[in-house]
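Each chain, written out:
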Amino acid sequence: MLSRFSILLTVLFGVYFAVHTEDCQTPKHYSEIGCQAILQEGDNCPKRFDCETILRRTDKECFYQGLLYNEGDNISENITKGACQAACFCRDGTITCANIECPELFGTYKKGCIPQNNIDDCCASDYICAEEDINKLPLCYMNDREYRLGEKIHISGSCYICICANGFDNTTKIEENPHCQLINCGLELHSSGNLKAGCTPIYYKKATCCPIGWRCPNDSDKVIEAEGRTTDGDPNMECTFGNLKLKVGNQLSTEEGSPVICECSIPPMVTCIQNPDELQ
């Protein structure tokens, strides 16, 4: 088992590659669950990840952002509130939490008010409703749209969310902007059971943001061999799915007409993409 220090180093590697997830087209789940990126000399993007400790957990162990929690351990709200979860703890190998219910999700604030959000918090801390006060709020601009101080900025085609804040600069790269951060999909908070069962996330069109579902092993799964692809027999350059081993480039069999393609692209987990545009 990894020490806390070693697991913390894994988290730091995960944070680094979370910044480069979109540039490298790295599946989002690797940074979310705290796998360690493995680079070859001269490469900027990882060829594979080390997830051994996390994916081989015992029935009583939980992981969140690469850190190990034993049965009954509490998880600090400082790292779960961004996923709108509170009072989280490890029970029977699954993280159990209470949902943070934000007033804005239920329309309990006046329409036309400007919520005052913070990049690290789930809910708005206040609302500006008087027209005179709203007009005094500083403006931010992103992709030809105007935002008032405190508003969330959702960027189309990106897995980043930003907050209009004092000093916001839309010329700064999103991944380097202090007022922007990657969306927390909360895979370990919501889907630890799927991870323990050896399932893999299904993404929509690209694997750089939150998944839309899960593909779990079944007895009918088969490997479809890729032509002209080789990894020189390196066992580290294989994906595991249930009892199957897939070399890089190999795919899982799919049901006829399914828009989901599962391929071993970056080991050790199979990457599944749903792309309805490829349906005949």
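Further up the page is the structure itself.
What counts, and where the lines are drawn
Counting starts from 1 at the beginning of each chain's written sequence and moves along it residue by residue. Whole-chain, interface and lining totals are the exception, using all residues; otherwise, since this is a predicted model, local features are given only for residues with pLDDT of at least 70 and side-chain atom pairs are given and counted only at 80 or more. The side-chain values count all of the structure's non-hydrogen atoms but skip hydrogen atoms and water molecules. One side-chain nitrogen of Lys or Arg within 4 Å of one carboxyl oxygen of Asp or Glu is enough to make a salt bridge. By the criteria applied, helices consist of DSSP H or I runs no shorter than four residues and strands consist of E runs no shorter than two, each listed in order from the N terminus. The buried label goes to any residue with under 20% of its type's maximum accessible area, the exposed label to any with over 50%, and the partly exposed label to all in between, with areas taken from a 1.4 Å probe on protein chains only. Nitrogen and oxygen atoms within 3.5 Å of one another constitute a polar contact, given that in protein one can donate a hydrogen and the other can accept it, and given that sequence-neighbouring residues count only through two side-chain atoms. Pairs of residues are marked as contacts when any of their non-hydrogen atoms sit within 4.5 Å. To qualify as a nonpolar core, a set must consist of buried Ala, Val, Leu, Ile, Met, Phe, Trp, Tyr and Cys residues joined through side-chain atoms within 4.5 Å. For two strands to be treated as a pair, DSSP must find at least two bridges joining them. Note on method: axes are straight lines fitted to C-alpha atoms, helices fitted across the in-contact stretch only, with angles between N-to-C directions ranging 0 to 180 degrees. By convention, a stacked pair of Phe, Tyr or Trp rings (six-membered ring in the case of Trp) has centres within 6.5 Å and planes under 30 degrees apart, an edge-to-face pair has planes over 60 apart, and any other such pair is tilted.

(A) Examining the pattern of salt bridges more closely. Counted according to the given criterion, the structure contains nine salt bridges. The closest approach of N and O atoms between Lys28 and Glu32, which form a salt bridge, is 2.8 Å. Here Glu32 and Lys28 lie together in helix α3 (residues 28-33), a separation of four residues that amounts to about one turn. Looking at Lys28, the relative accessible area reads 3%, which means it is buried. Residue classification places Glu32 among the buried residues on the basis of a relative accessible area of 10%. The shortest N-O distance in the salt bridge between Glu132 and Lys136 comes to 3.7 Å. Highlighted residues: Glu132 and Lys136, both in helix α6 (residues 131-136), separated by four residues, approximately one helical turn. Lys136 matches Glu132 in its accessibility class, with the two residues each being exposed.

(B) Local environment of the side chain of Gln116. Looking at the element boundaries, Gln116 is found in strand β8 (residues 114-116). A distance of 2.9 Å separates the side chain of Gln116 from the backbone oxygen of Leu149, its partner in a polar contact. Contact partners of Gln116, with chain neighbours within four places excluded, come to Ala124, Ser125, Asp126, Ile128, Leu137, Leu149 and Gly150.

(C) Broad picture of the nonpolar core. Ranked by size, the top nonpolar core spans 13 residues in total, and within it Met142, Tyr147, Ile153, Cys162, Phe168 and Ile174 carry the most contacts. Contributions of two or more residues to this core are made by β10 (139-142), β13 (160-163) and β14 (180-182). Setting aside its immediate chain neighbours within four residues, Met142 contacts Tyr147, Ile153, Phe168, Asn170 and Ile174.

(D) Highlighting the sheet that holds strand β5 (residues 74-75). The three strands lie next to each other as β5-β6-β7, forming an open sheet whose pairing is antiparallel. Of all the strands in the sheet, just β5 and β7 (94-99) have a single pairing partner and so form its edges. Direction of pairing for β5 relative to strand β6 (residues 85-91): antiparallel, over a ladder of two bridges. By the bridge assignment for β6, Ile75 is matched with Cys88. Contacting β6 and β7, helix α7 (residues 187-196) runs over the sheet at an angle of about 140° to β7.

(E) Just the sheet that holds β13, in detail. Read from one edge to the other, the open sheet built from three strands follows the order β12-β13-β14, with strand pairing classed as antiparallel. Taken across any chain shown, the strands that pair with only one partner, and hence form the sheet edges, are β12 (152-154) and β14. Strand-to-strand twist of the sheet, defined as the mean angle between neighbouring strand axes without regard to direction, takes the value 30°.

(F) How the structure looks around the packing of aromatic side chains. Inspection of the entire model under this criterion finds one aromatic pair. On the numbers, 4.3 Å between centres and 15° between planes, the contact of Tyr30 with Phe49 is stacked. One end of the pair, Tyr30, is in helix α3; the other, Phe49, is in strand β2 (residues 48-50), and 19 residues separate them in sequence. For the pair Tyr30 and Phe49, one class covers both residues: buried.

(G) Inspection of unusual backbone geometry at higher detail. Between Pro267 and the following residue, Pro268, the backbone shows a cis peptide bond with an omega angle of 15°. With respect to the helices, strands and loops of the structure, Pro268 is situated in the loop between β21 (260-263) and β22 (271-274). Positive phi is not limited to glycine here, since Ala87 has a value of about 50°. Within the fold, Ala87 resides in strand β6.

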